[in-house]
Amino acid sequence: MLRVIHAAFAHRRHVEPPPAALGDTVADIERALVEGHGVCAVAGGDVVACLLMDIHGPVATLRRVSVLPGSAGGGLARALVEGAADMGANLGGRRVELLTRREFPELVQWWNRHGFDVLREEDEGFILGRDLPVVLDVPTAEDMHALGHRLAGILRAGDVLVVDGELGAGKTTLAQGLGAGLGIKGPVISPTFVISRVHRSLTEGPHLVHVDAYRLGDANELSDIDLDASLAESVTYIEWGQGKAEWLAEDRLEVDIWRSIDPTIDGRTVRLTGTGQRWKGALEPLREQP
């Protein structure tokens, strides 16, 4: 970890005073790991990215976020941060924060693109932060349906949900619970071959636009179906939307579903990550499982 941290911080342009990370020793990293936590990305048996994390009350603080210069790009930094966010949420945190020096506005912009807002300014720079994701264990299909029903109580017209997970993970089951909670007309089935299906509300609530982007190649193909024309009056739920649908809304809810790593358990884990002002605090009712 020390090797990665030193390489990453030395690769940045020179500033005064130099980053404190360049003075770190093995003993400093060992102490940080004893008192807090660390997350590493490993490739070929070597650590290629890492960070340190401290948790005090509801706040998880990230430090020494580092990627080897030769390994930068390809989403590694994002994956590292999201892994830390999951850990922070599992350890009881509600919010994640970090310090970025004002001499590096490009880093502030990178964090902004990944859902972090400037919370306050300090002598050394800016404190950025965002809500931690909600990570839930969902043992059965009935529980997935119930989660969708609970989620519907939080949603409103204009919300965009970008949903990802392998085949059979439960994306459509979640959508069915969502439709039941929204009070929409007709059964909710995956629109794999028609790409998009509109379910009208039987109440005064928003319609549900259900999209399956599995057969679409990229964001340009998704833009061809004119989803933005119905955004304001609907909840838009996009399966297989990761990497294709984020352009639809700066404020969006990203939902990731994966199977249990225990082959004897047929359960699922669901991670809900709100991006933008709309989602600040909005997911709190879901943190406590019923």
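Data block above holds the structure.
Bear in mind that the values here come from a model prediction, so they are computed numbers and not experimental data.

Colleague: Just to check I follow, could you spell out the overall build of the protein for this structure?
Modeller: Looking only at helices and strands, the protein has eight helices and 13 strands in total. Structurally, the protein occupies a C-alpha span of about 65 × 40 × 35 Å along its principal axes. Every one of the 290 residues in the protein was classed for burial, and the buried ones make up 47%. Counted over contacts in the protein with a minimum sequence separation of 6, partners at least 24 positions apart contribute 62%. Across the protein, 29 positive and 42 negative side-chain charges occur, with their mean positions spaced 1 Å apart.

Colleague: Would you take a moment to explain the sheet that holds strand 6 (residues 125-131) for this structure?
Modeller: Ordered in space as 1-2-3-4-6-5, the six strands form an open sheet in which the pairing is mixed. Only two strands of the sheet have a single neighbouring strand rather than two, namely strand 1 (37-43) and strand 5 (117-121). Across the sheet, the axes of successive neighbouring strands diverge by a mean angle of 30°, strand direction being ignored.

Colleague: Looking at this model, I keep getting lost on the packing of aromatic side chains. Mind explaining?
Modeller: Two measures describe an aromatic ring pair: the distance that separates the ring centres and the angle between the ring planes. Scanning the model with the defined rule gives two aromatic pairs in all. Measuring from ring centre to ring centre gives 4.8 Å for Trp110 and Trp111, while their planes differ by 85°; the resulting arrangement is edge-to-face. By relative accessible area, which is 6% here, Trp111 ends up buried. Considering the side-chain rings of Trp111 and Phe116, the 4.9 Å spacing of their centres and the 75° angle between planes classify their relative orientation as edge-to-face. Both residues of the pair, Trp111 and Phe116, count as buried. Taken together, the ring pairs connect Trp110, Trp111 and Phe116 into an aromatic cluster.

Colleague: I'm lost on the state of the cysteines in this one. Help?
Modeller: Covalent bonding between the sulfur atoms of two cysteines is what defines a disulfide. Applying the stated criterion across every chain yields a total of zero disulfides. Here Cys40 stays free of any disulfide, with the sulfur of Cys50 as its closest cysteine sulfur at 5.2 Å. Residue Cys40 is classed as partly exposed on the basis of its relative accessible area of 36%.

Colleague: Where do I start with the sheet that holds strand 10 (residues 207-212) in this structure?
Modeller: Strand pairing in a sheet relies on backbone hydrogen bonds, with the paired strands running either antiparallel or parallel. Reading across the sheet, the seven strands line up as 7-13-12-8-11-10-9 and stay open at both edges, with mixed pairing between neighbours. The sheet terminates laterally at strand 7 (134-138) and strand 9 (196-199), the two strands that pair on one side only. The mean angle between the axes of side-by-side strands here comes to 20°, regardless of whether they run parallel or antiparallel. Bridge analysis of strand 10 against strand 11 (residues 234-239) gives six bridges, and the strand direction is parallel. Following the sheet pairing, Leu208 is matched in strand 11 by Val235. The strands that helix 3 (residues 76-90) touches are strand 7, strand 12 (252-259) and strand 13 (268-275); relative to strand 7, the one it contacts most, it runs at about 70°. Helix 6 (residues 171-182) contacts strand 8 (160-165), strand 10, strand 11 and strand 12 of the sheet and is inclined by roughly 170° relative to strand 11.

About the thresholds
Residues numbered from 1 in each chain as written. Predicted model: local features only at pLDDT ≥ 70, side-chain atom pairs only at ≥ 80, totals over all residues. Heavy atoms only, no water. Helix = DSSP H or I, 4+ residues; strand = E, 2+ residues; numbered from the N terminus. Buried < 20%, exposed > 50% of the residue type's maximum accessible area, 1.4 Å probe, protein only. Contact = heavy atoms within 4.5 Å. Lys, Arg positive; Asp, Glu negative; His and termini not counted. Charge placed at Lys NZ, Arg CZ, Asp CG, Glu CD. Pairing = 2+ DSSP bridges. Axes fitted to C-alpha atoms, helices over the stretch in contact; angles between N-to-C directions. Phe/Tyr/Trp six-rings, centres within 6.5 Å; stacked < 30°, edge-to-face > 60°. Disulfide = S-S within 2.5 Å.

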